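# Structural characterization, general
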Amino acid sequence: MEKVNEINKTGCKELLVWRMFLAIVLSIIFQFFLMSIIILVTNLNPINPFAWMLNTWNVIFSFRMWWYFLLLATVTFLQGFMCSKDYLNPPKYMSNRFFIFCSMLGPRNVLLCTLYIIVGGILTWLHLSLKGGPYSSLTKNCNTTDGLCLVEEYFFLLLGGFWSGLYFFTKYNIYAVQFLQFSIIPQTKFSQIKRAIHELLPGAMSSAVWPALYFTGFYCLFGAYSRSFLMYLIPFSLEDEPLDKISRLLNLSLIFYLWLYGSLFVIMANTMHLMFQASLTEWIPFDIERHSVFNNEKLSITLAEVLAMEDIPIIRQLGYLDLVTLAQKDKSRRGLLFTLSKPGGHPYNWNQIIENCLSTIAEYTVELNSIFSVKEEKQLESELNPSGVYQKPYQYHMRSLAASTTKSMETPPEATSDQFFIRLYKNYKQNVIDYLFSKPLICFIFGEQLDSKARHVLSKSQPIVWAEDAISSLAAVSLTEDPYGIVLKDLPKIIETLLSIKQALDKLQKASVLMRKPVSSDKVLRQCLTSLRSATRRSIYRIVTTFKDFIDDLKLAPEIVDQLHPFFTYRE
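A quick note: this is a predicted structure, and the numbers were derived from the prediction, not measured.

## Observations concerning the overall build of the protein chain
Each helix and strand in the protein chain was counted, giving 22 helices and two strands. Burial status across the protein chain gives 42% buried among its 572 residues. For the protein chain, the share of sequence-separated contacts (at least 6 apart) that also reach a separation of at least 24 residues comes to 80%. Of the roughly 32400 Å² of accessible surface on the protein chain, a fraction of 63% belongs to carbon and sulfur atoms.

## Some points on the packing of aromatic side chains
Taken as a whole, this structure holds 27 aromatic pairs when the rule is applied. Measuring from ring centre to ring centre gives 4.9 Å for F182 and W466, while their planes differ by 85°; the resulting arrangement is edge-to-face. In this pair, F182 sits in the loop between α6 (152-173) and α7 (189-207) while W466 sits in helix α19 (residues 462-481), placing the two residues 284 residues apart along the sequence. For the pair F182 and W466, one class covers both residues: buried.

## Regarding the side chain of E468
With respect to the helices and strands, E468 occurs in helix α19. As a buried residue without a salt bridge, E468 has its nearest oppositely charged side chain in R538, at a separation of 6.8 Å. A polar contact is formed between the side chain of E468 and the side chain of T536, at a distance of 3.0 Å. Apart from residues no more than four positions distant in its own chain, E468 is found in contact with I361, L498, I501, L532, A535, T536 and S539.

## A word on the nonpolar core
A general trend in soluble globular proteins is that nonpolar side chains are found buried together. Ranked by size, the top nonpolar core spans 144 residues in total, and within it F156, L157, L323, L368, I495 and L564 carry the most contacts. Among residues more than four places away in sequence, those in contact with L323 are L303, L307, I353, C357, A470 and L474.

## Some words on the side chain of T497
By secondary structure assignment, the location of T497 is in helix α20 (residues 491-511). Filtering out sequence-adjacent residues up to four positions away, T497 remains in contact with L358, I361 and A362.

## Examining the packing of α6 against helix α8 (residues 209-233)
At a minimum axis distance of 10 Å, the contact between α6 and α8 shows a crossing angle of 125°. It follows from the interaxial angle that α6 and α8 lie oblique. The handedness of the crossing between α6 and α8 is right-handed. Each of E152, F155, F156, L159, G160, W163, Y167 and F168 in α6 lies in contact with α8, whose residues at this interface are P211, Y214, F215, T216, Y219, S226, R227 and L230. Across the contact of α6 with α8, the residue classes tally to 11 nonpolar, three polar and two charged.

## A look at α8
In a regular helix each residue adds 1.5 Å, so 25 residues correspond to 36 Å; α8 covers only 32 Å between its end C-alpha atoms and thus falls short of that length. Buried within α8 we find P211, A212, F215, T216, Y219, G223, S226, R227 and L230. Those residues of α8 hidden inside the fold are in contact with β2 (148-150), α6, α7, α9 (246-249) and α10 (252-280).

## Observations regarding the pattern of salt bridges
In a structure, side chains of opposite charge can pair up when their charged atoms sit close to one another. Applying the stated criterion across every chain, the model contains 12 salt bridges. For R334, the salt bridge is made with E481, and the minimal N-O distance between the two is 2.8 Å. Of this pair, R334 sits in helix α13 (residues 331-337) while E481 sits in helix α19, and the two are 147 residues apart along the sequence. Residue R334 is classed as buried on the basis of its relative accessible area of 7%. Look at E481 and you get partly exposed, because its relative accessible area is 21%. Notably, a salt bridge pairs R533 with D506, separated by 3.6 Å at the nearest N-O pair. Here the residue R533 occupies a position in helix α21 (residues 522-547), and D506 occupies one in helix α20, the gap between them amounting to 27 residues. What makes R533 partly exposed here is its relative accessible area of 21%. Through salt bridges with shared partners, one network takes in D322, D330 and R333.

## So, the state of the cysteines
Summed over the entire model, instances satisfying the criterion amount to one disulfide. Between the sulfur atoms of C142 and its disulfide partner C149 the distance amounts to 1.8 Å. Since a negative S-S torsion denotes a left-handed disulfide, the C142-C149 link at about 115° is right-handed.

## Comments concerning the packing of helix α3 (residues 63-88) against α10
In the contact formed by α3 and α10, the axes pass within 11 Å of each other and the chain directions differ by 50°. Comparing their axes, α10 and α3 come out oblique. Handedness of the α3/α10 crossing: right-handed. Taken together, the residues of α10 that come into contact with α3 (itself represented by T76, Q79, G80, S84 and Y87) are M268, M272, H273, F276 and L280. Looking at the contact of α3 with α10 residue by residue, the classes come out as five nonpolar, five polar and no charged.

## Points about unusual backbone geometry
A positive phi angle is found at K555, which is not glycine, with a value near 55°. Along the chain, K555 falls in the loop between α21 and α22 (558-568). On the accessibility criterion, K555 (76% relative accessible area) is exposed.

## Quick look at a nonpolar patch on the surface
Taken together, F98, F99, Y428, V432, I433, Y435, L436, F437 and F446 make up a surface patch of nonpolar side chains, about 830 Å² in accessible area. Elements with a minimum of two residues in the nonpolar patch: α4 (97-104) and α16 (413-437). Of all the elements, α16 adds the most residues to the nonpolar patch, at six residues. Along the chain, the position of Y435 falls in helix α16.

## Comments concerning the confidence of the model for the protein chain
Taken over all residues, the pLDDT of the protein chain has a mean of 79, while the share at 70 or more is 84%. Note that pLDDT drops below 50 for residues 293-298; the model gives that stretch four contacts with residues more than four away or on any other chain. Contacts for the low-pLDDT stretch residues 378-407, under 50 throughout, to residues beyond four places or in other chains number six contacts.

## Some remarks on the environment of I38
Along the chain, the position of I38 falls in helix α1 (residues 2-42). Considering only alpha carbons, one finds I38 and K131, 93 residues apart in sequence, at a separation of 9.2 Å. Setting aside chain neighbours within four positions, we find I38 in contact with H127 and L264.

Criteria and cut-off values
Each chain carries its own residue numbering, running from 1 in the direction its sequence is written. Confidence filtering applies because this is a predicted model: local features only for residues at pLDDT of at least 70, side-chain atom pairs given and counted only at 80 or more, and all residues used for totals across whole chains, interfaces and linings. Hydrogen atoms and water are omitted, and side-chain values are computed over all heavy atoms in the structure. Here a strand is any run of E in DSSP of at least two residues, a helix any run of H or I of at least four, and the numbering for each starts at the N terminus. Each residue is assigned to one of three classes by its accessible area relative to the maximum for its type, calculated with a 1.4 Å probe on protein chains only: buried under 20%, partly exposed between the two thresholds, exposed over 50%. Residue contacts are counted whenever heavy atoms from the two residues lie within 4.5 Å of one another. The method behind every accessible area is Shrake-Rupley, applied with a 1.4 Å probe, and residues are considered shielded solely by the protein chains displayed. Two aromatic rings from Phe, Tyr or Trp, using only the six-membered ring of Trp, form a pair when their centres are within 6.5 Å; if the ring planes differ by under 30 degrees the pair is stacked, by over 60 it is edge-to-face, and anything between is tilted. The sign given to each residue is positive for Lys and Arg and negative for Asp and Glu; His and the chain ends receive no count. Salt-bridge detection follows one rule: a side-chain nitrogen of Lys or Arg within 4 Å of a carboxyl oxygen of Asp or Glu. In protein, a polar contact requires one atom able to donate a hydrogen and another able to accept it; more generally it is a pair of N or O atoms within 3.5 Å, and residues adjacent in sequence count only if both atoms are side-chain atoms. The definition of a nonpolar core used throughout is a set of buried Ala, Val, Leu, Ile, Met, Phe, Trp, Tyr and Cys residues joined through side-chain atoms within 4.5 Å. A fitted line through C-alpha atoms serves as each axis, taken over the contacting stretch for helices, and the angle formed by two N-to-C directions is quoted from 0 to 180°. Working rule for angles: under 35 degrees goes down as roughly parallel, over 145 as roughly antiparallel, 65 to 115 as roughly perpendicular, anything else as oblique. Handedness of a helix crossing follows the sense of rotation of the near helix relative to the far helix, less than a right angle counterclockwise being left-handed and clockwise being right-handed. Three classes are used, and their members are as follows: Ala, Val, Leu, Ile, Met, Phe, Trp, Tyr, Cys and Pro are nonpolar, Asp, Glu, Lys and Arg are charged, and the others, Gly among them, are polar. Helix span is expected to be 1.5 Å times the residue number reduced by one. Two cysteine sulfur atoms form a disulfide, by the criterion used here, when they sit within 2.5 Å. Patch membership requires more than 30% relative accessible area and the absence of a salt bridge. Residues of like charge join within 9 Å; the nonpolar side chains Val, Leu, Ile, Met, Phe, Trp and Tyr join within 5 Å. Here pLDDT means the predictor's own confidence in every residue, given as a number from 0 to 100.

The following block contains the structure:
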C-alpha cells in the first residue's frame, strides 16, 4: 500500500510540475509579446508608417533582441521555479514576529529577493538598450574632455529597475498572503487569462505610481552617494549638472520612463502568478475506482486517495473541486459512489469519500476553535489577574495537603520523589516563561499573534467549502439515486459535523479576532469567511429541505434536533 501511495504522489507531482512548467513558458511568451508591443509604441512614426513597421520588425527579430530576451527569460524561469514551490508545499504558520523575521532572512527568501532585483534591472536595461535615444547607454563621449562621461539618467532608470524588484518582492512575498484562488464559475485556462489580463493592466499602472515617487525622493536624498560610489568603481567623468537636484529630477520624460518600467515589472510579476493560477486550478476528473494494468506499475489515482493528500494542498483542492463537480453535475459518476463492491457487497467507494470529507471538516473545526480558545484563555487570565501581578497557580490548603499525603502513601517513595522534581521543574519553567512574556517587548516579538492564526486558518477554507457542498449535495440526491440506502447510515454524522463547524464559525464571527491592521489580503480572507459561513448554512438547509419529512427516522440526538429547529422554520 505504501508503494502504491508513493507512486500516486509521484504521478501527482509530475502532473503539477508539467502544469507549472507550462505556466512559466506562457509567462515568458507573454513577456515577449508585451515587449514587442512596447517597442512598437516607442518607435511610433505616424508620418511614415512603412518605415515605422520596418524598424519595429528589425528590432524585434534582431540578434541583439533575442540575446537580451534569452537572458531575461532565463532569470524569469529561475524566478518562476522558486515561486512554484509555494504552490506545492503546505503553507507554514508563523505564530509570532520572530518567526516571520527569521523567514524573511531565510536562504530561499534571500535568493528570491536577489532574483527579483536582477529581473527588475535586466528588464529596464533591455528596454533602454532596445529603445535607443539619449538614455540607451550608461556612458557617452565627453564634449569638453577626452574619455567617457556618465549618463546619469541611464543610471537613474537602471537603479530604479533594481528598486522596483526589491519593492515588489517585499510587497508580494513579505506583507501579503499568496495563495491560489479558484474561480466561482468554472472557466477554461485561457478564459481565466483573457479576463484577468484586462484587470491586470490598469492595476499595474496604478501600483507603479508610489514606488516611482518613493525612488525619486530617495534619489533626491541619496543620489549623490550612489553616483559617487559608481564613479569610484569606474573612472567616469560628469560634465552635466548632477541629477539629484529637484530642478533636474522634475523631468516628466524621465519620471514617465521610471513609472513605465515599474509598471512592466508589476505586469511581469502578476502575470507569473496569473499563469500559475490558471494552470494549477484547472479541473481534473479523477477515477472513482482504481484501474490498473496486469503486471504494470502504472496505477490510476483515485479520488479518495487525492482527498487524503495533505502534504500536496493543490492536489487535494483539485480533488475536492472534482468531488463537488461530481456531486452537482455528473450523474453517471455519482452512480459509482452509490454502488456496492463485488464480491462483498460493501459501499467501498462511498465509505472512503465520506470518511475523508468528514475528517477534513472535523479537523478544520478544531482549528477554528483553537483561534478563539487562545483568546478566551488570555481574557480569562486577565480577568482573574487584572493587576498583572503574578499569582501562584497552586494554593496550599489543609485539605490539599491531606489529599497529597494520602496519595504519597499509595505510591512508592522513589516515584513520588521523581514526580515531585519533574513537577517542580515544570512549574519553575512555566513561571520563567510567564515572567518573560509579561515584558511588553518580549511579548511583542515572541508572543503569538491571534490575527495571524485567523489568517492562516481562513486561507485554507476553500476545500472545506467544497467538501460541505459535495456531501450535502450527495445526501440530497441520494433520496432518488441511492438504490441501497448507503448514505442514510452516515447522514446523522454528516448533520452533526456540519452543525459543529457552524457553531465554530458563529463563535469566530462574534469573537472579532480578525485582522486588526488593514493589509492587502484582508478583503480576500474576509471573503473566505463569508463563503465558508454561507456554504455551511446552505449545506444544512439542503439536507433539512430534503429530509424534513423523515427527520424523526434518523434518530438524531435531542440537542441536534434543537440546533436544526431554526433551519426548519427558515430563521437561520
